Protein chains: 2
Amino acid sequence: MESSDPSPAAVSKTQEISVPPVEGVAGGGTSYGWVDGGLQGSHLGSSVIDPTKVHSADLLHVWSMPSTANVSQQEAPRPLEHVNLLAARNERESFQIALRPKVSWASSGIAGPVQIQCTDLCSSSGGRLVVGQSITLRHVVPILGVPDALVPIDPSSPQINLLPGETTAVWVSLNVPCGQEPGLYEGEICITAVRTDSDSKADSLPKSERYQLYKELKTCLDITESRDHSSSEEMILRLSSTSTTLRRMLVLPAFQDCHENNGLGDMMDEDVMNNVAVRVKLSLTVWDFTLPLTPSLPAVFGISETVIEDRFCLEHGTKGWYDALDHHFRWLLQYRISPFFCRWGDSMRILAYTCPWPADHPKANEYYSDPRLAAYAVPYAPILSCTDAAKNSLRREVEILKTEAHWSKAYFYLWDEPLNMEQYEVIRNISNELRTYTPDVRILTTYYAGPSGSELAPSTFEAFTKVPNVLRPHTQIFCTSEWVLGTREDLVKDIIAELRPDLGEEWWTYVCMGPSDPQPNWHLGMRGTQHRAVMWRAWKEGGTGFLYWGTNCYEKAMIPSAEICFRRGLPPGDGVLFYPGEVFSSSKEPVASLRLERILSGMQDIEYLNLYSSKYGREEALALLEKTGAYLGPDRYAHDHGPVDVMRGEVYRTCRS
Amino acid sequence: MESSDPSPAAVSKTQEISVPPVEGVAGGGTSYGWVDGGLQGSHLGSSVIDPTKVHSADLLHVWSMPSTANVSQQEAPRPLEHVNLLAARNERESFQIALRPKVSWASSGIAGPVQIQCTDLCSSSGGRLVVGQSITLRHVVPILGVPDALVPIDPSSPQINLLPGETTAVWVSLNVPCGQEPGLYEGEICITAVRTDSDSKADSLPKSERYQLYKELKTCLDITESRDHSSSEEMILRLSSTSTTLRRMLVLPAFQDCHENNGLGDMMDEDVMNNVAVRVKLSLTVWDFTLPLTPSLPAVFGISETVIEDRFCLEHGTKGWYDALDHHFRWLLQYRISPFFCRWGDSMRILAYTCPWPADHPKANEYYSDPRLAAYAVPYAPILSCTDAAKNSLRREVEILKTEAHWSKAYFYLWDEPLNMEQYEVIRNISNELRTYTPDVRILTTYYAGPSGSELAPSTFEAFTKVPNVLRPHTQIFCTSEWVLGTREDLVKDIIAELRPDLGEEWWTYVCMGPSDPQPNWHLGMRGTQHRAVMWRAWKEGGTGFLYWGTNCYEKAMIPSAEICFRRGLPPGDGVLFYPGEVFSSSKEPVASLRLERILSGMQDIEYLNLYSSKYGREEALALLEKTGAYLGPDRYAHDHGPVDVMRGEVYRTCRS
């Protein structure tokens, strides 16, 4: 009745009670119905709602949200607007459709099911983006309460259930093939409230009724097939008895709709659907830029082979094991990611390899030559067991690969974050060995500090920047954590100053546990732009590659459909960018996270920025990133989607032919 | 790879990088599988799981939680323990069963359905608490992300769906009838993972197949019922043709299981169920105390008639309207609540009445005499339209009621929180009028401040305590907001000091928007003990009654199943203690909130404390409340359930005969 904010004022007997009742809210009573738009709809009546007879707009809110929005269950409805998107060829552009029930129309537990149907997108010149191929729908499912998993919606039965008082989102992705003709593509998505299966009783036949039918049919059969056709009277009797039984069967409730509409009215009528659906208009401008097949920035991401072996109960080296790894490799490639499989040994010793097959296997060439693969890890097998056989096999491996055109994409990743001179020594020894096989070997080393045991205190920034001095020529790819920079972009020049590009030295970056909020990273619960900004940051800072330690590093389980638990001690989502499909359905296809889609978007943004750089220079591209408000620094970047579209639109406007 | 907490350390080039990697977590790789109890279960295999063949304990976590726990979707599993409860006769005691999938066994969208079956609870002497009557199961459904709505689980199909990575709770209530024999009652709840309906295909008959059946039956009928029995040959032919068609029907897939098991094997086999179920053992001690039918503390709660009229599209005064009010009245009575219907007029003028029928209607006596009703509001109809007819009708009403035994329960509630002398004047005038009808009229007035326009500044605590001086003899029930006290219980004596019990004056309290956290109230998102403590507070402070303004005061809507929106400007849940059943299912039964159940528990606790007082004195009962840690003050009370059970157990131990 009174306002409770700020807190009660009776701290002393004579002190003022300071807060008057909120006007129009006091008592809650006089304010009844004062909110505009209190749900009107007495035409729906007070009985159970038949969604085929009511416009779906009366039953649910439908509105669109950008791909960088985290649409929570409490997301408030917005007006429905025409969706306008821009995409290059070989680009995926996504947005979301948010749905929230206004009323409940199902008979139990849920508010009601909705059907989501998308038309093909067509251009006036006959171009077409086909649903199911170029257009996909996925249901946004919360993980730890945060929208994250994108569970494919079965195209043959594109329905999801809405819950009372909850907003649900559908993730719509448009994949523009390389050969797609530029132009304006238009189509629409129809959202229709439908009946639940259990509500349309006609579809199911209760066991009791089915058994009754069965018995009656048997009875009839007993009567008709008797071989004893003694008399006409007897036969007349039998025919008449059969008729009676048949008539009784035909009036069973199960057949009611067969009478009514000749059996053709089971599906919701196409016309009804057209009349009651909420339509989301969709326009996609495909422009005459084709994202390069090979990502400009190699982004190498780890897949734990151990996690795959455990969860899918696969023995190392079996056909099932090869199939599973192959499946994961192909699936991740579509995200402009260059996968490597990995297994950790003692300390931070790591076996990293992109292709599970040896270099002389036909699959090896298929993997390494794939233009979508920007970099690949060559397995340094002796890291796990340092036998002569392992060494010989490695030598053969290198001897085959170094003659190939794709050898320039090769790297060795031997040790994750070496911390002391002893670990550095291991890298040096391996490097010396590898360079006897070929001098142009590339070794990648991740680090976030200098080594202990050298003359510099390991935890100083100076020791960190001097790592190239200690590891030269035993590392070519110096891969440092963004965490070290914090918000100090200016420190980048100190890192780069220590490198020798003339010797082929490169600077790459990585994120993992750190940096944390508000800097860009891929933890669950961060903003969508924060996820996407990881790649903006990498591009702006000028690194020439990026590493992420794990995409499937959830907790151990021995059942494909086992619940996903994030590893304790890691921020939620860290090291997990997709989920096993089996957790959500009977599909074996991995389920992408929102975060993985935003990584792809960030990778695509890099190509836009590189296109702009190629026309107007890198300085202008940096200026574009800043002036649109997309990204100014690790703690200053767009919070909402607007600047992202402005930036991409500006590249389109200035770079289209 | 490194720890990100605290924040990045690279604030200066030479500053220390202070945080070493977390042991065993660095890299995320070496720590793989280090959590004990990583889900083992390779015996489940890697294919789709058949829940009838696997123990449900391998598929889901099951554990119990007390009624004061808010079991969130992220609630972590605990060990399953035997549930031990204590209840008096005429008491409801509740607890929760939390469920969380370990794996997914359904084919799409959900982790899988579970069946929840409770046995009757039986005592060794033959006593029985029957499922469906004395034992109810409800599904805890989140509202604004907070567990709140208790949606009944259909006893004929007691299933709920579990979602991947989400904890779900079932609310189990044991209602002990007045006549129940004391003793130890035992039983169990079986939780069984089951197949989804769509997975057990035999239950459904596809439309196409059904229509085929229908056509074949028609064909047979055409053949058999022809009246043209010309020849025996003809009839033999017809019988034979019918047989052929019948045989074709009998081998349809729909009838497959009818052949196999004679139609009896449709349900999950009882034995299978017994073998694979998770069993929650349940013991209830019913003791020889019977909660008084009439609550010791009258708790009067408002029901908005306007909200009912709008949502259920009912015209005032029609049969449907009376039925709806009657339904709400009866339903709320079970919560030891004395309902009043209300409608707000200008300013904070209020029409409050407990019975929609006039005093001379048989229903009026039924309502007012109900022993569960502790107090009732007599409608002061002229508050809305001050006609002679209204006045005459009121006089007749009072003249009838004042002769009845239940008249001592009657009160008038005329104005919600009068704020100035003008509004006080209205109350005085009505009081003068009412006292001409009968001198022993009781008027209830709510307030949280003194009136403006008197000699004292209205917002001082002094003006607030002096209200009885201003309203005497025009108010008997001085009903003040707990918000005014804040955490200062000691101020209670200043309020009471101003009252004249010799004139029948009473002090009641209320909560509404305030007080806010950490004080007890019924807002969504507060702790369970915080909800329950409202009544502990009322009892400890010594008020003789309690008022709550609204139980169904959500936003306006004109459709029974419309989404529930809390009114803007009010804390979530304020004024809403139950929901329309239609929002959650086709049931018209209101859906209680967790908070309403906790109010009931608090009302029951009061009877325990009064029993203890009656034996050992109020001081000892106050000491019990304190020493068990249940309630020490408005900002010091139990956070967890333990002290609640200790307090109740102590009353049982010391007061049983």
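Cut-offs and rules
- Residues numbered from 1 in each chain as written.
- Chains lettered and ligands numbered in written order.
- Predicted model: local features only at pLDDT ≥ 70, side-chain atom pairs only at ≥ 80, totals over all residues.
- Heavy atoms only, no water.
- Helix = DSSP H or I, 4+ residues; strand = E, 2+ residues; numbered from the N terminus.
- Buried < 20%, exposed > 50% of the residue type's maximum accessible area, 1.4 Å probe, protein only.
- Contact = heavy atoms within 4.5 Å.
- Areas by Shrake-Rupley, 256 points an atom, 1.4 Å probe, with all protein chains shown as cover.
- Domains from an automatic or database assignment.
- Axes fitted to C-alpha atoms, helices over the stretch in contact; angles between N-to-C directions.
- Parallel < 35°, antiparallel > 145°, perpendicular 65-115°, else oblique.
- Left-handed = near helix turned anticlockwise from the far one by under 90°.
- Nonpolar A, V, L, I, M, F, W, Y, C, P; charged D, E, K, R; others polar.
- Pairing = 2+ DSSP bridges.
- Phe/Tyr/Trp six-rings, centres within 6.5 Å; stacked < 30°, edge-to-face > 60°.
- Lys NZ or Arg CZ within 6 Å of the ring centre and 35° of its normal.
- Expected span 1.5 Å × (residues − 1).
- Polar contact = N/O pair within 3.5 Å; in protein donor to acceptor, adjacent residues only side chain to side chain.
- UniProt positions renumbered as here; feature names shortened; annotations may be inferred.
- Salt bridge = Lys/Arg side-chain N within 4 Å of Asp/Glu carboxyl O.
- Disulfide = S-S within 2.5 Å.

In the annotation of an unreviewed UniProt entry, chain A is listed under the name Glycoside hydrolase 123 catalytic domain-containing protein and assigned to Aegilops tauschii subsp. strangulata.

Chemist: Sorry if this is basic, but what is going on with the overall build of chain A here?
Modeler: Counting secondary structure elements, chain A contains 17 helices and 25 strands. Expressed as a percentage of its 657 residues, the buried residues of chain A come to 60%. Of the contacts formed within chain A by residues at least 6 apart in sequence, a portion of 74% connects residues at least 24 apart. Here chain A has roughly 24500 Å² of accessible surface; of this, 51% comes from carbon and sulfur atoms.

Chemist: For this particular structure, what's the right way to read the domain arrangement of chain A?
Modeler: Interfaces are often described in size by the accessible area the parts lose on coming together. The domain architecture assigned to chain A consists of domain 1 (50–200 + 273–289), domain 2 (206–258) and domain 3 (294–593). Put simply, the middle of domain 1 of chain A and the middle of domain 2 of chain A, counted by C-alpha atoms, are 49 Å apart.

Chemist: Help me understand the packing of helix 15 (residues 594–616) of chain A against helix 16 (residues 618–627) of chain A in this model?
Modeler: Two quantities define a packed helix pair, namely the angle between the helix axes and the distance between the axes. Residue and element names in this part refer to chain A. Relative to each other, helix 15 and helix 16 sit at 135°, their axes nearing to 7 Å. By the angle class used here, helix 15 and helix 16 are oblique. The two elements helix 15 and helix 16 meet at a crossing, and its hand is right-handed. Counted together, L609, Y612, S613 and Y616 of helix 15 and R618, E620, A621, L624 and L625 of helix 16 form the full contact between these two elements. Of the residues that constitute the contact of helix 15 with helix 16, the class distribution is six nonpolar, one polar and two charged.

Chemist: I tried to follow the sheet that holds strand 20 (residues 506–510) of chain B on my own but got confused; where do I start?
Modeler: Two modes of strand pairing occur in sheets, parallel and antiparallel, and in both the strands are linked by backbone hydrogen bonds. Taken in spatial order, the nine strands make up an open sheet running 15-14-13-21-20-19-18-17-16 (chain B), and their pairing is mixed. The sheet is open, and its two edges are formed by strand 15 (350–353) and strand 16 (376–377) of chain B, each paired on a single side.

Chemist: How should I be thinking about the sheet that holds strand 15 (residues 350–353) of chain A in this particular structure?
Modeler: Residue and element names in this part refer to chain A. Read across the open sheet, the nine strands follow the order 15-14-13-21-20-19-18-17-16; overall the sheet is mixed. Either end of the sheet is taken by a strand with one partner, and the two such strands are strand 15 and strand 16 (376–377). Alignment of strand 18 (residues 443–447) against strand 19 (residues 477–481), held across four bridges, turns out to be parallel. By the bridge assignment for strand 19, T446 is matched with C479.

Chemist: Any chance you could explain the packing of aromatic side chains here in plain terms?
Modeler: Where two aromatic rings form a pair, the distance of their centres and the angle of their planes describe that pair. Residue and element names in this part refer to chain A. One pass over the structure, following the stated rule, counts 52 aromatic pairs over all chains. Centre to centre, the rings of F289 and Y608 are 5.9 Å apart; their planes meet at 80°, and the pair counts as edge-to-face. Separated by 319 residues along the polypeptide, F289 in strand 12 (residues 278–290) and Y608 in helix 15 bring together distant segments of the chain. Across this residue pair, the class does not change: F289 and Y608 are buried. Taking 4.8 Å as the distance between ring centres and 45° as the angle between the ring planes, the aromatic pair formed by Y612 and Y616 counts as tilted. Separated by four residues within a single helix, Y612 and Y616 lie in helix 15, roughly one turn from each other. On the basis of relative accessibility, which here comes to 5%, the residue Y612 falls in the buried class. Through a chain of ring-to-ring contacts, the aromatic side chains of W321, Y322, F329, W357 and Y367 assemble into a single cluster. Here the basic side chain of R618 rests over the ring of W539, its NZ or CZ set 4.6 Å away from the ring centre. The ring of Y608 carries R648 above its face, with NZ or CZ at 4.5 Å from the centroid.

Chemist: In this structure, what is going on with helix 2 (residues 232–250) of chain A? I would like to understand it.
Modeler: Since one α-helical turn is 3.6 residues long, residues separated by three or four positions face the same way. Counted at 1.5 Å a residue, the expected span for helix 2 of chain A with its 19 residues is 27 Å, and the 27 Å between its end C-alpha atoms agrees. Those residues of helix 2 of chain A not exposed but buried are M235, R238, L239, T242, S243, T245, L246, M249 and L250 of chain A.

Chemist: When you look at the side chain of D605 of chain A in this model, what are you seeing that I'm missing?
Modeler: Residue and element names in this part refer to chain A. Its location among the elements puts D605 in helix 15. A polar contact of 2.6 Å, which involves the side chain of D605, links it to the side chain of R532. Looking at D605, its side chain comes within polar contact range of the side chain of W536, at 2.8 Å.

Chemist: I keep staring at the UniProt feature "domain: Glycoside hydrolase 123 catalytic" (unreviewed entry) in chain A and nothing clicks. Help me out?
Modeler: UniProt's entry tags residues 389–611 of chain A with the feature "domain: Glycoside hydrolase 123 catalytic" (unreviewed entry), counted in the numbering of this structure. Helix makes up 37% of residues 389–611 of chain A and strand 12%, whereas the separation of the span's terminal C-alpha atoms amounts to 47 Å.

Chemist: How should I be thinking about helix 6 (residues 319–333) of chain A in this particular structure?
Modeler: Between its first and last C-alpha atoms helix 6 of chain A spans 21 Å; for 15 residues at 1.5 Å apiece the expected length is 21 Å, and the two agree. Listing the buried residues of helix 6 of chain A in full gives W321, A324, L325, D326, H328, F329, W331, L332 and L333 of chain A.

Chemist: Quick question: what am I supposed to make of the pattern of salt bridges here?
Modeler: Pairs can form between side chains of opposite charge whenever their charged atoms are close. Residues and elements named next belong to chain A. Scanning the entire structure with this criterion turns up 74 salt bridges over all chains. Between R653 and E650 there is a salt bridge, with its nearest N and O atoms 2.6 Å apart. Residue R653 and its partner E650 are located together in helix 17 (residues 642–655), separated by three residues, close to a single helical turn. In the salt-bridge network here, residues are joined through shared partners; they are E91, E93, R532, D605 and R648.

Chemist: Can you help me understand the packing of helix 14 (residues 528–541) of chain A against helix 16 of chain A in this one?
Modeler: Residue and element names in this part refer to chain A. Helix 16 packs onto helix 14 with a crossing angle of 145° between their chain directions and a minimal axis gap of 11 Å. The element helix 14 and its partner helix 16 pack so that their crossing is left-handed. Of helix 16, the residues touching helix 14 (which contributes W536, W539, K540 and E541) are R618, A621, L622, L625 and E626. Counted by class, the contact of helix 14 with helix 16 contains five nonpolar, no polar and four charged residues.

Chemist: Would you mind showing me how to read the state of the cysteines here?
Modeler: Each disulfide consists of a covalent bond between the sulfur atoms of two cysteine residues. Taken as a whole, this structure holds zero disulfides over all chains when the rule is applied. Between C122 of chain A, a cysteine without a disulfide, and C118 of chain A, which holds the nearest cysteine sulfur, the sulfur-to-sulfur distance is 10 Å. Here C655 of chain B is not cross-linked by a disulfide; its sulfur's nearest cysteine counterpart is in C178 of chain B, at 19 Å.

Chemist: Can you walk me through the pairing of strand 8 (residues 146–152) of chain A in this structure?
Modeler: Regular strands place side chains that alternate from one sheet face to the opposite one. Residue and element names in this part refer to chain A. Across the seven residues of strand 8, five count as buried, placing the element largely inside the fold. Bridge count between strand 7 (residues 135–143) and strand 8: six bridges; the pairing is antiparallel. Opposite P142, over in strand 8, you have P147 as the bridge partner. Following strand 7, the chain reverses through two residues before pairing antiparallel with strand 8; L144 in that reversal takes a positive phi of roughly 50°.

Chemist: In this structure, what is going on with the pairing of strand 3 (residues 91–101) of chain A? I would like to understand it.
Modeler: Residues and elements named next belong to chain A. Within strand 3, 11 of the 11 residues are buried, which leaves the element mostly enclosed by the surrounding structure. Alternating positions in strand 3 separate into two faces, E91, E93, F95, I97, L99 and P101 on one and R92, S94, Q96, A98 and R100 on the other, with burial throughout. In this sheet, strand 3 lies alongside strand 1 (residues 60–66) in antiparallel orientation, the contact comprising seven bridges. Bridge assignment links H61 to a residue of strand 3, and that residue is R100. Here strand 3 pairs with strand 10 (residues 168–176) via nine bridges, running antiparallel. Counterpart to S94 in the pairing with strand 10 is S173.

Chemist: What am I meant to see in the environment of T285 of chain B here?
Modeler: Residue and element names in this part refer to chain B. Relative to the helices and strands, T285 is located in strand 12 (residues 278–290). Sequence-wise, T285 and R568 are 283 residues apart; in three dimensions their C-alpha atoms are separated by 44 Å. Setting aside its immediate chain neighbours within four residues, T285 contacts L85, L86, A87, G183, L184 and Y652.

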